Structures are given as structure tokens and as C-alpha cells.
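Topology and contacts: notes
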Amino acid sequence: MSQNTLKSLDGAVLFIFGATGDLAKRKLFPAIYSLYKEGKLSENFAVIGLARRPKTKEQFRDNLHASINEFSRYDQKDTERWNQFVEHFEYMSLDTQNPEGFKDLNVLTQSLEEKFSLNGNRLFYLALAPELFGGVAQNLRVGGLLESGGWHRLVIEKPFGYDLKSAEELNKQIRGVFEEEEIYRIDHYLGKEMVQNIEVIRFANAFFEPLWNNKHIANVQVTLSETVGVEERGGYYDHSGALRDMVQNHALQIVSMIAMEAPSRLEAEDIRDEKVKVLRSIRPFADDQDLRNHVIRGQYKAGSHGGKDMPAYRDEPNVNPESVTETFFAAKLHVDNFRWAGVPFYVRTGKRMPAKSTEVVVEFKNVPDHVYLAKNNNLRPNLLVIRVNPEEGIYIKINAKKPDSERSIVPVAMDFCQSCQVGINTPEAYERLLFDALCGESTYFTRWDEVATAWSIIDQIANSWSKDASDLKFYPAGTWGPEESHELLARDGFHWWPVNGQEEDDVIWISGKS
Ligand SMILES: NC(=O)C1=CN([C@@H]2O[C@H](COP(=O)(O)OP(=O)(O)OC[C@H]3O[C@@H](n4cnc5c(N)ncnc54)[C@H](OP(=O)(O)O)[C@@H]3O)[C@@H](O)[C@H]2O)C=CC1
Ligand SMILES: O=C1O[C@H](COP(=O)(O)O)[C@@H](O)[C@H](O)[C@H]1O
């Protein structure tokens, strides 16, 4: 578990490869600015933006200004402070396939290290297409960039491969240059406040841990729904699909945080050891038929939501008009260990759903059927709902006596809405992760064995799907996916709980002190 008090930053040069790209603009620059505004970077840093297109330092700084203006949660009205901030930024035009250019980059880096009195710590952030990762690692060595006196760390964006084989190949290339401890594989969901809070909720509360097992939990539901379609990313997404884009990384990481055993120490390696054990315990499907019974894929067709018409996936830019890529995924998974045997983990994710919502619902088993209260009332199962995104918080659903009635029982949701209290000041995932990487805190980055094990789960599904796409179901944009996703739970006597605070009408909400 990451402990902020232990983190310290000793000054570093931050290299942003892909500095003219979308990720840098929307996430990385605003994250650096937030860290600066909060005093976490002090004046002890330099940033070098790298991409092929030529730009002057001034043009780059103008781009930085525009990005922060649009995407940062902090303003930049204090001109003196802003000028101080941008002074730390340089730009260099560099094709990552040009080894000579890396030698020039080393010269520029050394001059900045001198200017800002830095001791050779270097963080290389690859906001690039994955096929360039291996070449960058090689050229960093060729250019002498790994010979400075400080530490060297490589931060890599997803996707980490397309399947296990390609991920292994990529890993081999990177490991030829960097040690595992120097590699920080980003899964930005691990930087989200409420995903990090899962550990605390579980391990710091006496009333959850004793119940956290198959004796008391009926099922776990993980939803990662989005209202957007594929936007500008049709070219990438059509080769990826929901399975590779969201399940291989974010969804399986959340499952492993929910299901892991308490680590022996709150250290990165101990936590990651426990998470990988969960992934290894996920039961493979017996055969193609078993897989198709328990894994649903869908693709959105034209539809509408909130009065707005939305095109079919196949009509989106850069998507094959006959594409069989899934934009929706739902599955029933089993974690085969003593704690979880018999508890279904239902996972779903999709684009063009009615709500943007990342939530985990832990549904507890009911009290015995024949006790007086259960017999005469419509008792609802107790739920623990962890709301990750866009609202952050948790609520617990219990049964309580209806005020002023004799024995009527009503469902009550006791709500801790963290985002209502802390509001927009909650740090963005990229902000936390960038700072963690600068501080050498790797807990919320994925280790190679986690990535490889997740790919082996995904490969079984992808390989089965590639044989025949007849199970692909079409759902209207703006709905909760194919009917088969609901049937998946109905067969077990369950249903998807509504997400995004859309609880049943008779639920009484009790919120924290205002
Ligand atoms: N955008 C997002 O929200 C997310 C992105 N990612 C991942 O982050 C990575 C970057 O994504 P994104 O920013 O969207 O991509 P973009 O296509 O917007 O940007 C790619 C960047 O790479 C640079 N580039 C391309 N080829 C070279 C080269 N040979 N040498 C040097 N620079 C090069 C481009 O600049 P130039 O053309 O000037 O060289 C540009 O700055 C990808 O791996 C993506 O999957 C992951 C999660 C979310
Ligand atoms: O990694 C990805 O995540 C986003 C959703 O992230 P969120 O933080 O907005 O929930 C998704 O849109 C994208 O397709 C995927 O690549």
C-alpha cells in the first residue's frame, strides 16, 4: 500500500516521449502542473518533451499553456508562478528510431541537470504506440542516457501487447535494457482514488474482513460502463475491442484487488504477490461451449440516448464496416480458492451504455428465509457498493425498520460520497501515478507476472472467439448491452444491480454530515 508520508522526491528529469500526442495533452501535462502547484515537485525538476514534429521551445510552452487551460483542475492566473513553471520545460524533435538523436538528447539532458542541480535521476515516460517501446529502450542505452549517476525508470503506457506472445516479446525487448524494478507499467485505474481505497475498506474495517468470503458473499459485480463510443480511436479499438482495451487490464485489476488475501506487509511486492495469486486462481473455461455460456460479447448498433441519435459502431470512422469487434463484454468468472469457491464474479464493460460508471457491488447472502422478519417482508440483500467513477464513494445497503411502522422494513443506503466532500480536488489518477513513479513507489503499477497471467486468461477467450463470431450480439447504443448479459445472472437467481446511484425507488438514502 502506498504511504504518502514515506514518499520523497529527489529531483529528476522527466522525458515525455509522445509530447505532441493526446495523452500528454489531456493527462500528463495537467498532472505535472498539479504536482507543481501542490509543491510536490518543488523546483527540482526538468521536463523534456519529445516527438518527431519540429517545434520551438516557445511553441511547445504555448501548447503546454493551452493543455493546462483546457484540462487542468488548477488555473494559471499567477503569471510569475507560471513563468517559473514553464522555465522547466524543453522540447526536442526526435524520431525514436534515430539512435544518433539520442546522443543529442543526452547532451541536452546533461545541460538541464546542471541548470537545475539534478543528480542524474531520469524518468522516461513512453506515451507512444507500443511498437516503439523496444526501440526507445535500446536507443536510450545507445545514446548514453542510462549512464548518469542517478536512478533510471521507464513508464510504459498500455496496451502492453496484443496477446501473451506479443507481450512476452515486448517484455523481452524492454528487459534487455531495464530491470523489472525499473519498469512501471501503467494501468490508470490503479491510480484512481477509490480503487486504492479498496484495500483500506477491506483491511482497515473490522466488520468487512470476517465476512469477506464465500460463507457470506453471494456474488461480486464489477461494472465499467461508458457512454462514449470509440470517438477518434476507431483504428486502434477495432483491433483491440473491449476484451483487450478494458478487461485484460482495468477489470481484472479490480477483481484482483477485491479478491486478494491480506498481504504479509504493505510493500509493493507483497501486494502484487497477492494480486497475481488471484489471477492465477481464475478458473479457465472447460471448452468453447463452456466459454460461450459464460462470456457474452456485443457490439452497439445505432440507437439514441437522452434524445441524441448515435451511429452504429460499424459506421464509426476507421472501423471496418463488417467488423465483429466487441464493444461490450460480460462474463461470469470463478476465483478457485478457499475464500471464493462458489462465489461468481460478474464483470461487464461496454461503450455506448446509458451511464458512465465504474462500480463494484458486493452482494451479501440473505438472512435465513424462515425467520420472522424475512418471512413477512421483502428483505433485500445487503450490498457494499464501491463507486469508483465518476462519483467517488461507498455506500452500504441495509434493511431497517420503516419509521413509524410496526414491523415494516425498508432498504436504506448509507452513503459516503467522497467526491461530494472532497470535490474536484481529488487528484487525478495520472497525477498520483506520475508522482509514485518519480518516488519509486511501484505498488500501483502492474508487475510482469500480473500482465502475463492476465493475458493468458484473455487469450483463451480471444482464441475461442476468433474461431466463429456467431455469438456476437448487437445492442442498441444507449442500452445496457445484449439481453444475454442479464440472462447470465438471472440463471443464478441474481441481477445486475443498478449503477450510478440509480437504486430502487423505495430506497431511503442517508448521506454523511453536510
Ligand atoms: N490518449 C489516451 O487517453 C490514452 C492513451 N494510451 C496509450 O498512450 C500511448 C499514446 O497515446 P496517444 O497520446 O493517444 O497517441 P497519439 O497518436 O495522440 O500520440 C502519439 C505520439 O507519439 C509521437 N510519435 C509517433 N511516432 C513517433 C516516432 N517515431 N518518434 C517519436 N515520436 C513519435 C507523436 O508525435 P509526432 O507525430 O510528432 O512524432 C505523438 O506525440 C498509446 O500507447 C496509447 O495506447 C493509453 C490510455 C489512454
Ligand atoms: O484505458 C481506457 O480507459 C478509458 C476509460 O477510462 P476512464 O478513466 O475514463 O474510466 C476508455 O475510454 C478507453 O477506451 C481505454 O483505452
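Below you will find a few notes about this structure. Worth saying up front: this structure is predicted, and the values here are computed from it rather than measured.

Criteria and cut-off values
- Residues numbered from 1 in each chain as written.
- Chains lettered and ligands numbered in written order.
- Predicted model: local features only at pLDDT ≥ 70, side-chain atom pairs only at ≥ 80, totals over all residues.
- Heavy atoms only, no water.
- Pairing = 2+ DSSP bridges.
- Helix = DSSP H or I, 4+ residues; strand = E, 2+ residues; numbered from the N terminus.
- Axes fitted to C-alpha atoms, helices over the stretch in contact; angles between N-to-C directions.
- Contact = heavy atoms within 4.5 Å.
- Buried < 20%, exposed > 50% of the residue type's maximum accessible area, 1.4 Å probe, protein only.
- Near = heavy atom within 4 Å.
- Polar contact = N/O pair within 3.5 Å; in protein donor to acceptor, adjacent residues only side chain to side chain.
- Areas by Shrake-Rupley, 256 points an atom, 1.4 Å probe, with all protein chains shown as cover.
- Nonpolar A, V, L, I, M, F, W, Y, C, P; charged D, E, K, R; others polar.

**Section: the sheet that holds strand β13 (residues 357–364)**
Here we have 10 strands laid out as an open sheet, ordered β17-β8-β11-β12-β7-β13-β14-β15-β16-β18, and mixed in their pairing. The open sheet terminates on both sides in strands that have one partner only, identified here as β17 (473–476) and β18 (508–511). Neighbour to neighbour, the strand axes of the sheet diverge by 20 degrees on average, direction disregarded. Relative to β17, strand β8 (residues 295–301) is paired through four bridges, and the arrangement is parallel. Each bridged residue has a counterpart across the sheet, and for K301 the counterpart in β17 is P476. This element, helix α15 (residues 483–490), spans β7 (217–225), β8, β11 (328–334), β12 (344–350) and β17 of the sheet and lies at about 15 degrees to β11.

**Considering the environment of E179**
Summarising the element assignment, E179 is placed in the loop between α6 (164–175) and β6 (183–185). Overall, E179 belongs to the partly exposed group, its relative accessible area being 44%.

**Things to note about helix α5 (residues 133–142)**
Those residues of α5 not exposed but buried are F133, G134, V136, A137, N139 and L140. Against the buried residues of α5 lie β1 (12–17), α4 (99–115), β4 (122–126), β5 (152–156) and α6. Backbone geometry just after α5 places G144 at a positive phi near 80 degrees.

**Looking at the site of ligand 2**
Near ligand 2, the surroundings consist of K158, H188, Y189, K192, E226, R233, D245, M246, H250, K351, K356 and N389. Taking K158, its side chain carries an N or O atom lying 2.7 Å from an oxygen atom of ligand 2. In the model, an oxygen atom of ligand 2 is placed 3.1 Å from a nitrogen or oxygen of the N389 side chain. If ligand 2 stood free it would expose 400 Å²; the protein chains cover 81% of that surface. If one sorts the elements of the shell around ligand 2 by residue count, helix α8 (residues 234–259) sits on top with three residues. A breakdown of the residues in the shell around ligand 2 according to their chemical character gives two nonpolar, three polar and seven charged.

**Concerning the site of ligand 1**
Around ligand 1 sit 21 residues in total, of which T20, D22, R26, R53 and L128 are the nearest. Between ligand 1 and L23 there is a distance of 2.8 Å, counted from an oxygen atom to a backbone nitrogen or oxygen. Within the backbone of L128, one N or O atom sits 2.7 Å away from an oxygen atom of ligand 1. Notes on ligand 1: free accessible area 890 Å², of which the protein chains cover 79%.

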